[in-house]
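One letter stands for each residue in the lines below.
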Amino acid sequence: MKILFLNGPNLNLLGRREPKIYGHKTLKDIEATVKKRAKQLGCIVDFHQSNHEGDLVNWIQGAQDNYDVIVINAAAYTHTSVALRDAIAAVGIPAIEIHLSNVHSREEFRHRSLIAPVCCGQISGFGAFSYVLGLEAAVNVIECIK
Ligand code: CA2
């Protein structure tokens, strides 16, 4: 089972700024934790981050025939990107939306996700553990459709 983790803008700053909201772990720390758990579950994980919407669209399109599930923290693009939503819908691979913070307890503009309707579900508010929950959900989604 192959799972693609995608991370949107500014998540490269994790661990260095705003630790009260996003925690102390860097994205590299989170990637290492996810890969450790993935090994136990017998799956392969690839991890990418970009500050550019087009990169994320290209990775989503490239996932077709190469990955079983996409786990995505689209960051600010969650709330704005029709392009990401269309790409997720187009590839037809199950996608899981994740967030470090609880987007529903924050500013109103974060309550709306343009990608949620084309994802299987949303995990939000568990800090770095949201990524591990995203991995577990991905494995479960695949086992359910087998
Ligand atoms: O809670 C999440 O994971 C978010 O996707 C994070 C996004 C935010 O726009 C979403 O509403 C919720 C922001 C990512 C920015 O990450 C930073 C990390 C450290 C310092 C500054 C920004």
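(A) Up close: unusual backbone geometry. In this model, Asn 10 sits at a positive phi of 75°, which is unusual for a non-glycine residue. Within the secondary structure layout, Asn 10 lies in the loop between strand 1 (2-7) and helix 1 (19-22). Look at Ala 75: it is not a glycine, yet its phi comes out positive at around 50°.

(B) Structural context of helix 2 (residues 27-41). With 15 residues, helix 2 should cover 21 Å at 1.5 Å per step; its first-to-last C-alpha distance of 21 Å lies within 8% of that length. Listing the buried residues of helix 2 in full gives Leu 27, Ile 30, Glu 31, Val 34 and Ala 38. Burial along helix 2 is one-sided: seen end-on, the buried residues are contained in an arc of 100°. Opposite its buried face, helix 2 presents the exposed residues Lys 28, Lys 36, Lys 39 and Gln 40, each directed more than 90 degrees away.

(C) Inspection of the side chain of Ser 124 at higher detail. On the secondary structure map, Ser 124 appears in strand 5 (residues 121-124). A polar contact is formed between the side chain of Ser 124 and the backbone oxygen of Ser 101, at a distance of 2.8 Å. A polar atom in the side chain of Ser 124 sits 3.1 Å from the backbone nitrogen of Val 103. Excluding its chain neighbours within four sequence positions, the residues that come into contact with Ser 124 are His 99, Ser 101, Asn 102, Val 103 and Ser 130.

(D) Layout of the site of the ligand. Residues in contact with the ligand amount to 17 residues; listed here are only the nearest, Asn 73, His 79, His 99, Leu 100 and Ser 101. Here His 99 contributes a side-chain N or O atom positioned 2.9 Å from an oxygen atom of the ligand. Compared with its free state, where it exposes 510 Å², the ligand has 94% of that area covered by protein. Among the detected pockets, the ligand sits in the largest pocket.

(E) How the structure looks around the packing of helix 3 (residues 53-62) against helix 4 (residues 82-91). It is at 9 Å that the axes of helix 3 and helix 4 come closest, and there the two elements cross at 5°. By the angle class used here, helix 3 and helix 4 are roughly parallel. Contacts between helix 3 and helix 4 involve Glu 53, Leu 56, Val 57, Ile 60 and Gln 61 from the first element and Ala 83, Leu 84, Ala 87, Ile 88 and Val 91 from the second. Grouping the constituent residues of the contact of helix 3 with helix 4 by class yields 8 nonpolar, 1 polar and 1 charged.

(F) Structural detail: the sheet that holds strand 3 (residues 69-73). Read from one edge of the open sheet, 5 strands run 2-1-3-4-5, paired in parallel fashion. The strands lining the two open edges of the sheet, one partner per strand, are strand 2 (44-49) and strand 5. On average, adjacent strands in this sheet sit at an angle of 20° to one another, irrespective of strand direction. Where strand 1 meets strand 2, 6 bridges bridge the pair, whose relative direction is parallel. By the bridge assignment for strand 2, Leu 4 is matched with Asp 46. Each of strand 1, strand 2 and strand 3 is contacted by helix 3, which is oriented at about 170° to strand 1, the strand it contacts most.

(G) Structural detail: the pattern of salt bridges. The tally for this structure, following the rule as stated, stands at 5 salt bridges. Put simply, Glu 107 and Arg 106 hold a salt bridge, and the shortest N to O gap is 3.8 Å. Judged by relative accessible area, which is 37%, Glu 107 ranks as partly exposed. The partner of Glu 107 in a salt bridge is Arg 110, and the shortest N-O contact between them spans 2.7 Å. The exposure class assigned to Arg 110 is buried, which follows from its relative accessible area of 18%. The structure contains a network of salt bridges with shared partners spanning Lys 28, Glu 31 and Lys 35.

Procedures and definitions
- Numbering of residues begins from 1 in every chain and follows the order in which that chain's sequence is written.
- Two thresholds apply to this predicted model, a pLDDT of at least 70 for residue-level local features and 80 or more for giving and counting side-chain atom pairs, whereas whole-chain, interface and lining totals are computed over all residues.
- Derived side-chain values reflect all non-hydrogen atoms in the structure, with water molecules and hydrogen atoms excluded from consideration.
- Going along the chain from the N terminus, every DSSP run of H or I of four or more residues is numbered as a helix, and every run of E of two or more is numbered as a strand.
- Take the number of residues in a helix, subtract one, and multiply by 1.5 Å to get its expected span.
- Per-residue accessibility, obtained with a 1.4 Å probe over protein chains only, is compared with the maximum for each type, and a residue is labelled buried under 20%, exposed over 50%, and partly exposed between these values.
- In this context, the arc is that of the directions from the helix axis out to the C-beta atoms.
- The definition of a polar contact used here is a pair of N or O atoms within 3.5 Å, where within protein one atom must be able to donate a hydrogen and the other to accept one, and adjacent residues in sequence count solely through side-chain atom pairs.
- In what follows, a contact means two residues having at least one pair of non-hydrogen atoms within 4.5 Å.
- If even one non-hydrogen atom of a residue comes within 4 Å of a molecule or strand, that residue is called near it.
- Every accessible area reported is derived by Shrake-Rupley at a probe size of 1.4 Å, with residue values counting cover from the shown protein chains alone.
- Grid points spaced at 1 Å and placed over the protein atoms alone form the basis of the search, with a cavity being a set where a 1.4 Å probe fits but cannot get out and a pocket an open set showing protein on both sides within 12 Å along at least five of seven lines. Lining residues have an atom within 4 Å of a point.
- Here the criterion for a molecule occupying a pocket or cavity is that more than half of its atoms lie within 2 Å of the pocket grid points.
- Angles shown run from 0 to 180 degrees and are taken between the N-to-C directions of axes, each axis being a line fitted to C-alpha atoms and, for helices, limited to the stretch in contact.
- An angle below 35 degrees is read as roughly parallel, one above 145 as roughly antiparallel, one from 65 to 115 as roughly perpendicular, and any other as oblique.
- Gly falls in the polar group here, along with every residue not listed as nonpolar (Ala, Val, Leu, Ile, Met, Phe, Trp, Tyr, Cys, Pro) or charged (Asp, Glu, Lys, Arg).
- At least two bridges found by DSSP between two strands are what make those strands a pair.
- Salt bridges, as used here, are contacts in which a Lys or Arg side-chain nitrogen is within 4 Å of a carboxyl oxygen on Asp or Glu.

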